[in-house]
Amino acid sequence: MKVWLSYVWYPVTLVGAVLAYFHLLSIGSEPVAAAYVPVVLSGIVIVILEWFFPARPDWRPTKSDVIADTAFLGMVQIAVARLLGLIGVLYVAAWANKHVGSTLWPGDWPLLAQILFMVLLVDLMRYWLHRAAHKYMFLWRLHEVHHSPDILYTLNVGRFHPFEKILQFCLDTVPFLLLGVAPEVLAGYFVFYSVNGFFQHSNLQLRYGWLNYIVGSAETHRWHHARDPKAAYCNFGNTIIIYDLLFGTWKLPRPVDDIGIPDRNYPKGFWAQMISPFRRRNDS
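Residues numbered from 1 in each chain as written. Predicted model: local features only at pLDDT ≥ 70, side-chain atom pairs only at ≥ 80, totals over all residues. Heavy atoms only, no water.

Caption draft 1: Representation of helix 2 (residues 9-26). In this model helix 2 runs 26 Å from its N-terminal to its C-terminal C-alpha over 18 residues, within 8% of the 26 Å that 1.5 Å per residue would give. Three or more residues of helix 2 are buried, namely Trp9, Tyr10, Thr13, Leu14, Ala17, Val18, Tyr21, Leu24 and Leu25. The arc enclosing the buried residues of helix 2, seen along the axis, measures out at 145 degrees, which places them on a common side. Seen from the open side of helix 2, the exposed residues pointing more than 90 degrees away from its buried face are Val12, Leu19 and Ser26. Looking at the buried residues of helix 2, the elements they touch are helix 1 (2-6), helix 3 (31-52), helix 5 (111-133) and helix 9 (183-201). (Helix = DSSP H or I, 4+ residues; strand = E, 2+ residues; numbered from the N terminus. Expected span 1.5 Å × (residues − 1). Buried < 20%, exposed > 50% of the residue type's maximum accessible area, 1.4 Å probe, protein only. Arc of directions from axis to C-beta. Contact = heavy atoms within 4.5 Å.)

Structure below.
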């Protein structure tokens with residue numbers, strides 16, 4: 001029964017979240033509310049499921065893990081993201097509306113098609129940013145924060161340094177504001193990206209089967225968090241995994257044993273990790 005369910009959790013939850021988003025739009029909800037409601041509910045469901053069906057019982061978070069990851073979700077993924085979104089709407093979108101006479105975006109496509117097209121474009125840009133973050137030290141110092149946990153569970157999906165969040169915002173939001181993409185499309189992308197991200201980092205028993213060749217799955221993403229940097233140089237896809245297949249970085253040999261970063265003394269607390277990328281170290 002557990003094996004069968006491990007194939008079901010992901011597609012059922014993702015499809016349910018997308019359907020809920022479209023339903024909330026249809027009854028007049030604002031795009032932001034229509035997106036946040038299914039995303040938050042999906043996150044709660046995944047947290048509950050991973051508690052009862054853990055992939056690794058030894059990956060239970062401690063109180064300090066939960067406190068730090070909750071701070072990252074609240075401060076970076078909500079507060080910083082909302083601030084960036086406000087700036088984007090007030091300045092970037094306003095500038096685009098004033099100076100860009102026509103849009104290159106296929107706004108006459110069905111909403112779902114536009115959302116999926118945005119997923120394809122964002123993941124292409126984020127793929128190369130992600131690879132660069134594992135190759136160049138000045139970017140790795142920021143991205144190291146995300147790889148610092150020694151366990152994977154739902155809440156540490158949001159463990160990103162705010163400066164890296166700004167870099168991501170420049171690729172997954174700013175270009176689309178300049179193109180005049182509708183808020184419903186941006187919010188729909190957020191649903192796909194967020195729900196998939198919750199599953200990617202969850203400690204839930206999951207089997208993706210053939211979906212491992214389409215989406216950035218928990219099975220492939222756990223390899224990306226391997227402690228060995230050479231082993232972790234793979235599976236850079238965020239929502240989808242097709243660019244890893246195209247560019248030869250897809251990997252899924254067996255369940256990964258050890259995750260984290262080589263520096264086992266790396267600080268774990270929220271405020272300590274805010275300054276960690278800037279402290280002097282021997283790898284300078």
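Caption draft 2: Local environment of the packing of aromatic side chains. This structure, assessed with the given rule, holds 20 aromatic pairs. Relative to phenylalanine 22, the ring of tyrosine 21 lies with its centre 5.7 Å away and its plane at 80 degrees, an arrangement referred to as edge-to-face. Between the aromatic rings of tyrosine 127 and tryptophan 128, the centroid separation amounts to 5.0 Å while the plane-to-plane angle is 85 degrees, which identifies the pairing as edge-to-face. Within the aromatic cluster, the residues linked to one another by ring pairs are Tyr127, Trp128, Tyr233, Phe236, Tyr243 and Phe247. The ring of tryptophan 51 carries the charged tip of arginine 60 above its face, separated from the ring centre by 4.2 Å. (Phe/Tyr/Trp six-rings, centres within 6.5 Å; stacked < 30°, edge-to-face > 60°. Lys NZ or Arg CZ within 6 Å of the ring centre and 35° of its normal.)

Caption draft 3: Looking closely at the packing of helix 2 against helix 5. The N-to-C vectors of helix 2 and helix 5 enclose an angle of 130 degrees; their axes lie 12 Å apart at closest approach. Relative to helix 5, the element helix 2 lies oblique. You can see that helix 2 and helix 5 cross each other, and the crossing is right-handed. Between helix 2 and helix 5, the contacting residues are Tyr21, Phe22 and Leu25 on the first element and Leu111, Leu112 and Ile115 on the second. Across the contact of helix 2 with helix 5, the residue classes break down as six nonpolar, no polar and no charged. (Axes fitted to C-alpha atoms, helices over the stretch in contact; angles between N-to-C directions. Parallel < 35°, antiparallel > 145°, perpendicular 65-115°, else oblique. Left-handed = near helix turned anticlockwise from the far one by under 90°. Nonpolar A, V, L, I, M, F, W, Y, C, P; charged D, E, K, R; others polar.)

Caption draft 4: Inspection of a nonpolar patch on the surface at higher detail. Together, Val37, Val40, Leu41, Ile44, Ile48, Trp51 and Phe52 give the surface a local cluster of nonpolar side chains, amounting to about 720 Å² of exposed area. Following the sequence through the fold, isoleucine 48 ends up in helix 3. (Patch = residues over 30% accessible without salt bridge, like charges linked within 9 Å, V, L, I, M, F, W, Y side chains within 5 Å. Areas by Shrake-Rupley, 256 points an atom, 1.4 Å probe, with all protein chains shown as cover. Salt bridge = Lys/Arg side-chain N within 4 Å of Asp/Glu carboxyl O.)

Caption draft 5: Examining the confidence of the model for the protein more closely. In the predicted model, the protein carries a mean pLDDT of 91, and 92% of its residues have values of at least 70. Mean pLDDT across the secondary structure elements of the protein bottoms out at helix 4 (residues 63-99), with 78, and peaks at helix 12 (residues 242-247), with 98. (pLDDT = per-residue confidence, 0-100.)

Caption draft 6: Region of the structure containing the pattern of salt bridges. Enumeration according to the criterion identifies eight salt bridges in this entry. Aspartate 58 is the partner of arginine 56 in a salt bridge, and the nearest nitrogen-oxygen pair spans 3.0 Å. Since its relative accessible area comes to 22%, arginine 56 is described here as partly exposed. A salt bridge links aspartate 263 to arginine 279, with the shortest nitrogen-to-oxygen separation between them at 3.8 Å. Taken together, the positions of aspartate 263 in the loop between helix 12 and helix 13 (270-275) and arginine 279 in the segment after helix 13 put the pair 16 residues apart, joining distant regions of the chain.

Caption draft 7: Inspection of the nonpolar core at higher detail. Counting residues in hydrophobic clusters, the biggest one holds 43 residues, and the most contacted among them are Tyr21, Met118, Val191, Phe199 and Tyr208. Those elements that provide at least two residues to this core are helix 2, helix 3, helix 5, helix 8 (174-178) and helix 9. With ten residues, the single largest contributor to this core is helix 9. Not counting residues up to four positions away in its chain, the partners in contact with methionine 118 are Trp105, Asp172, Phe176, Val185, Leu186 and Tyr189. Grouped together as the second largest cluster of nonpolar side chains are eleven residues, Ala226, Ala231, Cys234 and Val256 included. (Core = buried A, V, L, I, M, F, W, Y, C linked by side-chain atoms within 4.5 Å.)

Caption draft 8: Up close: the side chain of serine 148. By secondary structure assignment, the location of serine 148 is in the loop between helix 6 (137-147) and helix 7 (162-172). Residue serine 148 is classed as buried on the basis of its relative accessible area of 0%. In this structure serine 148 touches Arg159, Ile261, Tyr266, Lys268 and Gln273, once residues within four positions along its chain are discounted.

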